[in-house]
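As a plain string of letters, each chain reads:
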Amino acid sequence: PSLEKDLLPLYFGWFLAKRDEDSLRKTSHEFLEQLGNLKAFKKRLQAYGYEDKHKLDLLKHFAKTPNILHCTSKFCDYGKAAGSEEYARQEVVKKSYSKGYTLHITALFATPRTVGARLELTEEQLLLWPLDAEREVMPKDTFPRGSRAHVTLGTAAEVQDVQTGIDLLEFIKLQQAGREGESLGELTGSVAGKVSYFDNGLWMVNLSRKIEVKSIFSGYYG
Ligand code: 2AM
């Protein structure tokens, strides 16, 4: 038997194809522009730490954008993260590596910390979703599997990417508690949909038309 072990990546996930990545970045800009221009948004800036509505530019607020748009399925930290070897060893992970998948974006959301796209994973994609993905970051709550699935589109300075999934679960937790959010308007065009506000600067637009993006399941070793 070989003494060499398989190298584990920083993370496994679905990586957006270049064309769809470019277009999702544009969609993200469009979302932030339209959201920032909503009267209802301008009236509720406190959570974002701005007193003066003329000072808030959401595109600037989310100063950091990921180099590669993706949905993380399993954060391995090159093997240091709990459960990463077990994850990588699964037949379904090996078999799916470098395969193409269509991801379905159902909503876009912004919080004072992060902006992201909510994904609805298919049955096939859920096979690649770790059983404890939600519990890992919110151990006290119970969520349907795949609730945390997202693409980070941007983060405020000093905020880590991992926050995006935690913020998404915060929305879902409120929805599970029966809160639908305050209906505060509609966005149009590529980001058409109803805007809901959940206090503390939590904004979500449920897209009238889901956005589909092509991706490749793979590992990031950078
Ligand atoms: P993200 O999935 O929300 O974008 C590299 O840092 C990637 O791994 C990022 O995409 C990041 O967040 C994700 N990531 C970082 N730390 C993580 C953690 N502890 N758990 C899950 N994903 C993490």
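The residue count restarts for each chain, going from 1 along the sequence in the order it is written. Given that this is a predicted model, residues contribute local features only at a pLDDT of at least 70 and side-chain atom pairs are listed and counted only at 80 or more, while totals for whole chains, interfaces and linings are drawn from all residues. The side-chain values count all of the structure's non-hydrogen atoms but skip hydrogen atoms and water molecules.

(A) Geometry of the overall build of the protein. Helix and strand counts for the protein come out as 8 helices and 8 strands. Its C-alpha radius of gyration of 18 Å places the protein within 12% of the 17 Å reference for a compact globule of 222 residues. Each principal axis of the C-alpha distribution contributes one length, and for the protein these read about 65 × 40 × 30 Å. Summary of the burial criterion: residues with accessible area below 20% of their type's maximum are buried, those above 50% are exposed, and those between are partly exposed, where the area comes from a 1.4 Å probe applied to protein chains only. Taking all 222 residues of the protein together, the buried fraction comes to 50%. For helices the rule is a DSSP run of H or I covering at least 4 residues; for strands it is a run of E covering at least 2, with both sets numbered from the N terminus onward. All radius of gyration figures rest on C-alpha atoms, and the globule criterion is 2.2 Å times the number of residues raised to 0.38.

(B) Summary view of the layout of surface pockets. Of the two site types, the cavity is a set of points on a 1 Å grid over the protein atoms alone where a 1.4 Å probe fits but cannot get out, and the pocket is an open set with protein on both sides within 12 Å along at least five of seven lines, each lined by residues with an atom within 4 Å of a point. Grid points are joined across faces, edges and corners, and a volume is the space filled by probe spheres set on the points. The calculated volume of the largest pocket comes to roughly 550 Å³. Along its surface, the largest pocket is lined by 24 residues, and Tyr11, His70, Thr72, Phe75 and Asp161 are the ones closest to its centre. Broken down by secondary-structure element, the contributors of at least two residues to the lining of the largest pocket are strand E2 (70-75), helix H7 (133-137) and strand E5 (150-155). Counted by class, the lining of the largest pocket contains 11 nonpolar, 8 polar and 5 charged residues. Asp6, Leu7, Leu8, Ala88 and Arg89 are the residues nearest the centre of the second largest pocket, which is lined by 13 residues in total. Residue type decides the class: Asp, Glu, Lys and Arg count as charged, Ala, Val, Leu, Ile, Met, Phe, Trp, Tyr, Cys and Pro as nonpolar, and the leftover types, Gly among them, as polar.

(C) Broad picture of the pattern of salt bridges. A carboxyl oxygen of Asp or Glu within 4 Å of a side-chain nitrogen of Lys or Arg is what we treat as a salt bridge. Tallying each qualifying case throughout the model produces 11 salt bridges. Ionic pairing is found between glutamate 182 and arginine 44, a salt bridge with its closest N-O pair at 3.8 Å. Pair noted here: glutamate 182 is in strand E6 (residues 182-187) and arginine 44 is in the loop between helix H2 (39-42) and helix H3 (58-61), with a separation of 138 residues, a long-range link. Note that glutamate 136 is salt-bridged to lysine 74, the shortest N-O span being 4.0 Å. You can see glutamate 136 sitting in helix H7 and its partner lysine 74 sitting in strand E2, a full 62 residues away along the chain.

(D) View of the site of the ligand. When we say a residue is near a molecule or strand, we mean one of its heavy atoms is within 4 Å of it. In the vicinity of the ligand, the residues found are Tyr11, His70, Thr72, Phe75, Glu136, Arg148, His150, Thr152, Asp161 and Val162. Measuring from an oxygen atom of the ligand, one finds a side-chain N or O atom of histidine 150 at 2.6 Å. One of the side-chain nitrogen or oxygen atoms of threonine 152 is found 2.7 Å away from an oxygen atom of the ligand. Using a 1.4 Å probe, accessible areas were evaluated by the Shrake-Rupley method; residue-level cover was limited to the displayed protein chains. Calculation on the ligand without its partners gives an accessible area of 470 Å², and the protein chains cover 79% of this total. Any molecule with more than half of its atoms within 2 Å of a cavity's or pocket's grid points is regarded as sitting in that cavity or pocket. In this structure the site holding the ligand corresponds to the largest pocket. Looking at the shell around the ligand, the elements that each hand over two or more residues are E2 and E5. We call two N or O atoms a polar contact when they sit within 3.5 Å, provided that within protein one can donate a hydrogen and the other can accept it, with sequence-adjacent residues counted only if both atoms are side-chain atoms.

(E) Local environment of helix H1 (residues 18-37). The span expected for a helix works out to 1.5 Å for each residue beyond the first. Here H1 is 20 residues long and its end C-alpha atoms lie 29 Å apart, about the 28 Å a rise of 1.5 Å per residue gives. Among the residues making up H1, those that are buried are Asp20, Glu21, Leu24, Thr27, Ser28, Phe31, Leu32, Gln34, Leu35 and Gly36.

(F) Summary view of the nonpolar core. Note on terminology: a nonpolar core comprises buried Ala, Val, Leu, Ile, Met, Phe, Trp, Tyr and Cys residues joined through side-chain atoms within 4.5 Å. With 50 residues, the main nonpolar core has Trp14, Phe31, Leu35, Phe41, Ile105, Leu108 and Trp203 as its most contacted residues. When residues of this core are assigned to their parent elements, the largest contribution, 6 residues, is made by strand E8 (residues 203-220). Leaving out residues up to four positions away in the same chain, isoleucine 105 has contacts with Leu24, Ala117, Arg118, Leu119, Leu207, Lys210, Ile211 and Val213. With 12 residues, the next largest nonpolar core counts Ala107, Phe171, Leu202 and Met204 among its residues. Throughout, a contact is declared for two residues whenever any of their heavy atoms are within 4.5 Å.

(G) Looking closely at the state of the cysteines. Working definition: a disulfide is two cysteine sulfur atoms within 2.5 Å of each other. Under the counting rule described, the total for this entry stands at 0 disulfides. Of the cysteine sulfurs around cysteine 71, a residue in no disulfide, the closest is that of cysteine 76, at 14 Å. A relative accessible area of 0% means that cysteine 71 is categorised as buried. Residue cysteine 76 is classed as buried on the basis of its relative accessible area, which comes to 0%.

(H) Structural detail: helix H8 (residues 163-176). Helix length check: H8, at 14 residues, gives a terminal C-alpha distance of 20 Å against a target of 20 Å (1.5 Å per residue), a fit within 8%. Its buried side turned inward, H8 meets strand E3 (100-110), strand E4 (114-119), H7, E5 and E8. Following H8 by one or two positions, glycine 178 has its phi on the positive side, about 90 degrees.

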